[in-house]
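# A closer look at the structure
Read off the chains here:
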Amino acid sequence: MEHSIINKLDVLAPNYSAKQLNRSKRIIAKVNLLKRKLLQGYELSIFQKRGNGINTLIQKTGRLNDLSGVFVISSSTGEPLILGSSKKVLAEIQKLTRGRRIKDKEALEKVALHYGFANYKMAKELLLAMTVNWLEVTDKTFRLMLKRAMMSNVKIVL
């Protein structure tokens, strides 16, 4: 597993400096941590409920503020399904589950097609049984590299 991630990063930047090599080792550690965290995620139903604003979500998830990072939505069987990154992860997950923006509807249509349904409204119902987890990653380039390293493990990338 570690070798495949390093090989992918070598394709991106074959001549690593010492700083970049250290960063790739941190990415491997973060990917492994995120995979372990997927089994104990938060239910997406709390993000979809009306009346649950960002402050309520911050309290329910035990955060002090909305964070920047990478998130993975997993099916009820634990299979990683959706990968995304954002400057404000909790707000992005909430917008995705509510499905009002065009890009959210497109992502929900992909989820519906993955499960054999025709429209995005059914995917909103499917999301109620799914879980989400995230890692806080403040550095934009590190967030992008972590997202790229996780792409092979998920079905849909936002």
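These lines cover the structure that appears in this document, whether it is placed above or below. Remember, predicted model here, so these are calculated numbers, not experimental data. (Residues numbered from 1 in each chain as written. Predicted model: local features only at pLDDT ≥ 70, side-chain atom pairs only at ≥ 80, totals over all residues. Heavy atoms only, no water.)

## Describing the sheet that holds strand β4 (residues 131-136)
Strand order in this open sheet of five strands is β1-β4-β2-β3-β5, and the pairing throughout is mixed. Of all strands in the sheet, those with a lone pairing partner are β1 (42-43) and β5 (156-157), marking the two edges. Both strand β2 (residues 69-74) and β4 contribute to a ladder of six bridges, which runs antiparallel. The partner of G69 across the bridge, within β4, is E136. (Pairing = 2+ DSSP bridges. Helix = DSSP H or I, 4+ residues; strand = E, 2+ residues; numbered from the N terminus.)

## Section: the packing of aromatic side chains
Counting across every chain of the model gives two aromatic pairs. A centroid spacing of 5.1 Å and a plane angle of 15 degrees characterise the contact between Y42 and W134, whose relative ring orientation is stacked. Here the residue Y42 occupies a position in strand β1, and W134 occupies one in strand β4, the gap between them amounting to 92 residues. Judged by its relative accessible area of 4%, W134 is buried. When the ring of F47 is compared with that of W134, the centres are 6.4 Å apart and the planes differ by 90 degrees; the resulting orientation is edge-to-face. With F47 in helix α3 (residues 45-48) and W134 in strand β4, this residue pair connects regions lying 87 residues apart in the sequence. (Phe/Tyr/Trp six-rings, centres within 6.5 Å; stacked < 30°, edge-to-face > 60°. Buried < 20%, exposed > 50% of the residue type's maximum accessible area, 1.4 Å probe, protein only.)

## Overview of the packing of helix α4 (residues 54-61) against helix α5 (residues 89-98)
The interhelical angle for the contact between α4 and α5, taken along N-to-C directions, is 110 degrees, at an axis separation of 10 Å. Taken together, the axes of α4 and α5 are roughly perpendicular relative to one another. Here the hand of the crossing between α4 and α5 comes out right-handed. On the side of α4, the interface is formed by I54, L57, I58 and T61, while α5 contributes L90, A91 and Q94. By residue class, the composition of the contact of α4 with α5 is five nonpolar, two polar and no charged. (Axes fitted to C-alpha atoms, helices over the stretch in contact; angles between N-to-C directions. Parallel < 35°, antiparallel > 145°, perpendicular 65-115°, else oblique. Left-handed = near helix turned anticlockwise from the far one by under 90°. Contact = heavy atoms within 4.5 Å. Nonpolar A, V, L, I, M, F, W, Y, C, P; charged D, E, K, R; others polar.)

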